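The chain contents come next:
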Amino acid sequence: MDYVGYFIIGLIIFLVIVLVNCIRIVPQAHVYVVERLGTFRTEWQTGPHILMPFFDRVARKVSIKERVVDFPPQQVITKDNVTMQIDTVVFFQVTDAKRYTYGVENPMMAIENFTATTLRNIIGEMELDATLTSRDVINTKITAILDEETDRWGIKVIRVELKNILPPREIQDSMEKQMKAERERREKILQAEGEKKSMVLSAEAEKESKILRAQADKEAEILRATAEKEAMILRADAVREQKIREAEGEAQAIAAVQTALAESLERLNQSNPNQAVLQLKALEAFAKAADGKATKLIIPSEIQGLAGLAAGLKAVSETTEETK
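(A) Representation of the sheet that holds strand β3 (residues 39–44) in the model. Read across the sheet, three strands follow the order β3-β2-β5 without closing on themselves; strand pairing throughout is antiparallel. Sheet topology places β3 and β5 (56–63) at the edges, where each strand pairs with a single neighbour. Put simply, the sheet's adjacent strands are angled 25 degrees from each other on average, direction ignored. When strand β2 (residues 30–36) meets β3, the two strands line up antiparallel, connected through five bridges. Counterpart to Tyr32 in the pairing with β3 is Trp44.

(B) Structural detail: the nonpolar core. Grouped together as the largest cluster of nonpolar side chains are 31 residues, with contacts concentrated most on Ile86, Val90, Ile111, Leu119, Ile138, Ile142 and Leu162. Those elements that provide at least two residues to this core are β2, β8 (83–94), α2 (97–102), α3 (107–124), α5 (135–150) and β9 (155–166). The contacts of Ile142, once residues within four sequence positions are left out, are Thr118, Leu119, Ile122, Val160 and Leu162.

(C) The arrangement of the confidence of the model for the chain in detail. Summing up the model confidence of the chain, the mean pLDDT is 81 and the portion of residues at 70 or higher is 81%. At the level of individual helices and strands, the chain shows its lowest average pLDDT in helix α8 (residues 306–323), which scores 49, and its highest in β2, which scores 92.

(D) Structural detail: the pattern of salt bridges. One pass over the full model with this rule turns up 13 salt bridges. A salt bridge links Arg36 to Asp56, with the shortest nitrogen-to-oxygen separation between them at 2.5 Å. Within this pair, whereas Arg36 is found in strand β2, its partner Asp56 is found in strand β5, the two being separated by 20 residues in sequence. Its relative accessible area of 32% is what places Arg36 among the partly exposed residues. For Glu182, the salt bridge identified is with Arg185, shortest N-O distance 2.4 Å. With Glu182 and Arg185 both in helix α6 (residues 169–271), this residue pair falls three residues apart, about one helical turn.

(E) Structural context of the packing of α3 against α5. Where α3 meets α5, the axes come as close as 10 Å, and the angle between the chain directions of the two elements is 135 degrees. Comparing the axis directions of α3 and α5 gives the class oblique. Where α3 crosses over α5, the two elements pack in a sense that is right-handed. For the pair α3 and α5, contact is made by Ile111, Phe114, Thr115, Thr118, Leu119, Ile122 and Ile123 and by Ile138, Lys141, Ile142, Ile145, Leu146, Glu149 and Thr150, respectively.

(F) Here's a closer look at the packing of aromatic side chains. Taken as a whole and judged by the stated rule, the model has one aromatic pair. Judged by centre distance (6.1 Å) and plane angle (85 degrees), the rings of Phe40 and Tyr102 are edge-to-face. Separated by 62 residues along the polypeptide, Phe40 in strand β3 and Tyr102 in helix α2 bring together distant segments of the chain. Relative accessible area serves as the criterion here: at 27%, Phe40 is assigned to the partly exposed category. The side chain of Arg159 reaches across the aromatic face of Phe91, ending 4.0 Å from its centre.

(G) Local environment of the environment of Arg120. As for its placement among the helices and strands, Arg120 is situated in helix α3. Residue Arg120 is classed as partly exposed on the basis of its relative accessible area, which comes to 37%. On a C-alpha basis, the gap between Arg120 and Ile86 in space is 9.7 Å, while along the polypeptide they are 34 residues apart. Once you skip the residues sitting within four places of it in the chain, Arg120 turns out to touch Gln74, Gln75 and Val76.

(H) Layout of the environment of Val18. Mapping Val18 onto the fold places it in helix α1 (residues 3–22). Exposure remark for Val18: the relative accessible area of 17% places this residue in the buried category. With 35 residues separating them in the primary sequence, Val18 and Pro53 have C-alpha atoms 7.2 Å apart.

(I) Region of the structure containing empty space enclosed by the protein. This structure, assessed with the given rule, holds two cavities of 30 Å³ or more. Lining the second largest cavity are Phe71, Pro72, Gln74, Thr88, Glu112, Thr115, Ala116 and Leu119. With four residues, the single largest contributor to the lining of the second largest cavity is α3.

(J) Spotlight on unusual backbone geometry. Of note in the backbone geometry, Leu37 takes a positive phi value of approximately 55 degrees without being a glycine. Positive phi, normally seen in glycine, also occurs at Phe54, with a value near 70 degrees. Along the polypeptide, Phe54 turns up in the loop between β4 (47–50) and β5. Since its relative accessible area comes to 67%, Phe54 is described here as exposed.

(K) Representation of the side chain of Thr143 within the structure. Relative to the assigned elements, Thr143 resides in helix α5. Overall, Thr143 belongs to the buried group, its relative accessible area being 14%. Within the structure, the side chain of Thr143 is placed 3.0 Å from the backbone nitrogen of Val160, a separation counted as a polar contact. Beyond its immediate chain neighbours, meaning those up to four positions away, Thr143 contacts Val157, Ile158, Arg159 and Val160.

Thresholds applied
- Residues numbered from 1 in each chain as written.
- Predicted model: local features only at pLDDT ≥ 70, side-chain atom pairs only at ≥ 80, totals over all residues.
- Heavy atoms only, no water.
- Pairing = 2+ DSSP bridges.
- Helix = DSSP H or I, 4+ residues; strand = E, 2+ residues; numbered from the N terminus.
- Axes fitted to C-alpha atoms, helices over the stretch in contact; angles between N-to-C directions.
- Core = buried A, V, L, I, M, F, W, Y, C linked by side-chain atoms within 4.5 Å.
- Buried < 20%, exposed > 50% of the residue type's maximum accessible area, 1.4 Å probe, protein only.
- Contact = heavy atoms within 4.5 Å.
- pLDDT = per-residue confidence, 0-100.
- Salt bridge = Lys/Arg side-chain N within 4 Å of Asp/Glu carboxyl O.
- Parallel < 35°, antiparallel > 145°, perpendicular 65-115°, else oblique.
- Left-handed = near helix turned anticlockwise from the far one by under 90°.
- Phe/Tyr/Trp six-rings, centres within 6.5 Å; stacked < 30°, edge-to-face > 60°.
- Lys NZ or Arg CZ within 6 Å of the ring centre and 35° of its normal.
- 1 Å grid on protein atoms, 1.4 Å probe; cavity = no way out; pocket = protein on both sides within 12 Å on 5 of 7 lines; lining within 4 Å.
- Points joined across faces, edges and corners; volume = space filled by probe spheres on them.
- Polar contact = N/O pair within 3.5 Å; in protein donor to acceptor, adjacent residues only side chain to side chain.

This is how it looks when you write it as structure tokens:
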């Protein structure tokens, strides 16, 4: 094989190598910026592309993923002349690869410096206490300002977060003492409120207890009075019933006596008593009258003489024997 053959083979190999190098595949979430003869030509999106050899070149491979950059602490001075260290975290995304490539020489340094200056301006208008308690306000302001300014660089600032705020050591000691005093004050307030509530609850409990005891005493008095009233009524009813029954008994006794007396008189009349029987009945009646409580007695003339009384008794005796 002569030199011409070797030259042709080498040329073919060279062309194959050049052709292979001209085939480029853009991965997902990336954009390639292509220049032709030093001038911007196009942007390649995801997929395979062919590069014009010796004329085109990939100027920059740009990732369009969201990125996070943690910047070192920056010294800032508050409105009340307190120097502190604040470090920030920036979340951003490239939205325009062309402007990102040609807009600024070093995008990360530009974002860092612009974040530092913006942070100094915002903190310089705030006092220390407001700075420590207004993280959300500061984050919102920095995000709005950075997003507006970096738009011409093809960068979208999603959010900015203050990672740490570090005041001087003496300020930290003072804040710790103030926090401790505030906690002690809150503790005393809570203890005082607890004691107050406890006293109020004790007073309310005692009040309710007294009310309940008074109500119980009242109800007990009412029950006792009601019981006494009912007992008196029952006793009065019993006495009345007893008197009624006694009166009925006496009435029945009197009726029975009267009936017996009437029957005895009737039988006496039927038997046609003689004078001696009548004198004996008069003597029995006189004995009953003498047994009573009368202070005066009227003695019948028939029994005034002892002889008349004896004769009467004898006649009664005889009449009784004859009757047998």
